[in-house]
Amino acid sequence: MPLFVLHDGPPYPTGTIHLGTGLNKILKDLIVKTKSMAGHYAPYVPGWDCHGLPIETQVEKELGGKGKVPPAEFRKLCREFATRYVEQHKKDFKRLGVFGRWNDPYLTMSFDYEATIANAFLDFMEKGYVYRGRKPVYWCLFDSTALAEAEVEYEDHVSPSIWVKFAVVGGGKNEAAKIARDASAVIWTTTRGPFLIIVRSRFIRTTSTRSCKRKRASCCWLSIESPRSSPNAR
């Protein structure tokens with residue numbers, strides 16, 4: 001019987017399940033059950049990510065702020081909080097009909113799991129793969145901790161945007177030579193662009209773009225379009 005293993009990207013046990021966590025588990029369950037019915041041995045081992053800022057933040061909310069208890073007591077409370085919602089998640093996922101090894105999941109806070117991570121890190125050190133260096137990281141001033149890129153959220157921001165008409169000048173070759181002198185090219189810019197227009201007097205049309213002419217009123221407009229084969233062309 002062929003083996004099929006779906007590695008579960010674990011959720012945080014920071015509260016009751018919601019539409020996102022429910023949909024995630026149901027879709028994974030569909031895959032595992034489909035493979036099982038197709039003749040595979042497909043054991044599903046659920047897991048939870050029990051470390052990190054999301055859990056610490058929820059515990060601080062229950063305590064009523066930061067620094068309410070010593071660090072050792074705070075870590076204990078975080079472990080208890082995570083355990084509470086792991087059990088709640090299990091009940092909810094079972095009610096959704098998800099099959100899995102619920103009696104023996106993997107938890108990143110289990111001591112066996114932590115020991116395995118420490119042992120793997122020691123192997124890296126012994127083989128010379130670990131070194132000390134410098135790397136820029138996101139830093140949260142409020143929580144006084146480093147942040148993963150996925151934990152950084154940005155507020156909605158409205159930037160000014162403008163359309164600018166540039167008159168076409170001569171000197172082109174091949175297809176560019178066929179563009180009429182009364183044509184103009186239009187650009188759209190936002191963010192810092194409007195503030196740089198005062199020092200930007202021209203732009204260049206490269207051979208990696210194509211153009212099309214549109215007549216409007218007494219002007220001839222030239223729009224620049226990037227070819228489908230070059231999604232990164234600007």
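See above for the structure.
Residues numbered from 1 in each chain as written. Predicted model: local features only at pLDDT ≥ 70, side-chain atom pairs only at ≥ 80, totals over all residues. Heavy atoms only, no water.

1. Looking at the overall build of the protein
Moving on, step 1. Scanning the protein for helices and strands turns up five helices and eight strands.
Moving on, step 2. Mapped in sequence order, the helices and strands of the protein form the string α-β-α-α-β-α-β-β-β-β-α-β-β.
Moving on, step 3. Sorting the 234 residues of the protein into buried and exposed places 24% on the buried side.
Moving on, step 4. The contacts of the protein with a sequence gap of at least 6 include a subset with a gap of at least 24, amounting to 61%.
Moving on, step 5. When the accessible surface of the protein is totalled, it reaches about 17,900 Å², and 57% of it is carbon and sulfur. (Helix = DSSP H or I, 4+ residues; strand = E, 2+ residues; numbered from the N terminus. Buried < 20%, exposed > 50% of the residue type's maximum accessible area, 1.4 Å probe, protein only. Contact = heavy atoms within 4.5 Å. Areas by Shrake-Rupley, 256 points an atom, 1.4 Å probe, with all protein chains shown as cover.)

2. Regarding the pattern of salt bridges
Moving on, step 1. Scanning the model with the defined rule gives nine salt bridges in all.
Moving on, step 2. Put simply, K66 and D143 hold a salt bridge, and the shortest N to O gap is 2.5 Å. Of this pair, K66 sits in the loop between helix 2 (53-63) and helix 3 (71-95) while D143 sits in the loop between strand 3 (138-140) and strand 4 (145-147), placing them 77 residues apart in sequence.
Moving on, step 3. For K66, a relative accessible area of 36% gives the class partly exposed.
Moving on, step 4. Between E87 and K90 there is a salt bridge; the shortest N-O distance is 3.3 Å. Remark: K90 and E87 occur in helix 3; sequence separation between them is three residues, near one turn of the helix.
Moving on, step 5. Residue E87 is classed as partly exposed on the basis of its relative accessible area, which comes to 37%.
Moving on, step 6. If you follow the salt bridges from partner to partner, you end up with D8, K25 and K28 in one network. (Salt bridge = Lys/Arg side-chain N within 4 Å of Asp/Glu carboxyl O.)

3. Quick word on the pairing of strand 6 (residues 183-189)
Every other side chain in a regular strand lies on the same face of the sheet, so the side chains alternate between the two faces.
Moving on, step 1. Taking burial as the measure, the seven residues of strand 6 include five buried ones, the bulk of the element.
Moving on, step 2. Examined bridge by bridge, strand 5 (residues 162-167) and strand 6 share six bridges and lie antiparallel to one another. Bridge pairing links F166 to A185 in strand 6. (Pairing = 2+ DSSP bridges.)

4. Here we look at the packing of helix 2 against helix 3
Moving on, step 1. Following both chains from N to C, one finds helix 2 and helix 3 inclined at 105°, their axes separated by 9 Å at the closest point. Taken together, the axis directions place helix 2 and helix 3 in an arrangement best described as roughly perpendicular. On helix 3, the residues touching I55, E56, Q58, V59, E60, E62 and L63 of helix 2 are F74, L77, C78, F81, A82 and R84.
Moving on, step 2. Residue composition of the contact of helix 2 with helix 3, grouped by class: eight nonpolar, one polar and four charged. (Axes fitted to C-alpha atoms, helices over the stretch in contact; angles between N-to-C directions. Parallel < 35°, antiparallel > 145°, perpendicular 65-115°, else oblique. Nonpolar A, V, L, I, M, F, W, Y, C, P; charged D, E, K, R; others polar.)

5. Structural notes on helix 2
Moving on, step 1. Of the residues making up helix 2, those classed as buried are L53, I55, V59 and E60. One side of helix 2 carries all its buried residues, which in axial view fall inside an arc of 160°.
Moving on, step 2. On its buried face, helix 2 sits against helix 3 and strand 4.
Moving on, step 3. G64 sits one or two positions beyond helix 2 and adopts a positive phi of about 90°. (Arc of directions from axis to C-beta.)

6. A word on the packing of aromatic side chains
Moving on, step 1. One pass over the structure, following the stated rule, counts five aromatic pairs.
Moving on, step 2. Taken together, a centroid distance of 4.9 Å and an interplanar angle of 50° make the contact between F81 and Y85 tilted. Remark: Y85 and F81 occur in helix 3; sequence separation between them is four residues, near one turn of the helix. The exposure classification of F81 matches that of Y85, with both residues buried.
Moving on, step 3. With 6.0 Å between their ring centres and 25° between their planes, F93 and W102 make a pair best called stacked. A single burial state applies to F93 and to W102, both of which are buried. (Phe/Tyr/Trp six-rings, centres within 6.5 Å; stacked < 30°, edge-to-face > 60°.)

7. Things to note about a nonpolar patch on the surface
Moving on, step 1. Nonpolar side chains collect at one region of the surface, where F121, L122, F124, M125, Y129 and V130 lie side by side and expose about 610 Å² of accessible area between them.
Moving on, step 2. Along the polypeptide, Y129 turns up in the loop between helix 4 (111-126) and strand 3. (Patch = residues over 30% accessible without salt bridge, like charges linked within 9 Å, V, L, I, M, F, W, Y side chains within 5 Å.)

8. A few points about unusual backbone geometry
Moving on, step 1. Located in the positive-phi region is S144, a residue other than glycine, with phi close to 55°.
Moving on, step 2. Inspection of the secondary structure assignment puts S144 in the loop between strand 3 and strand 4.

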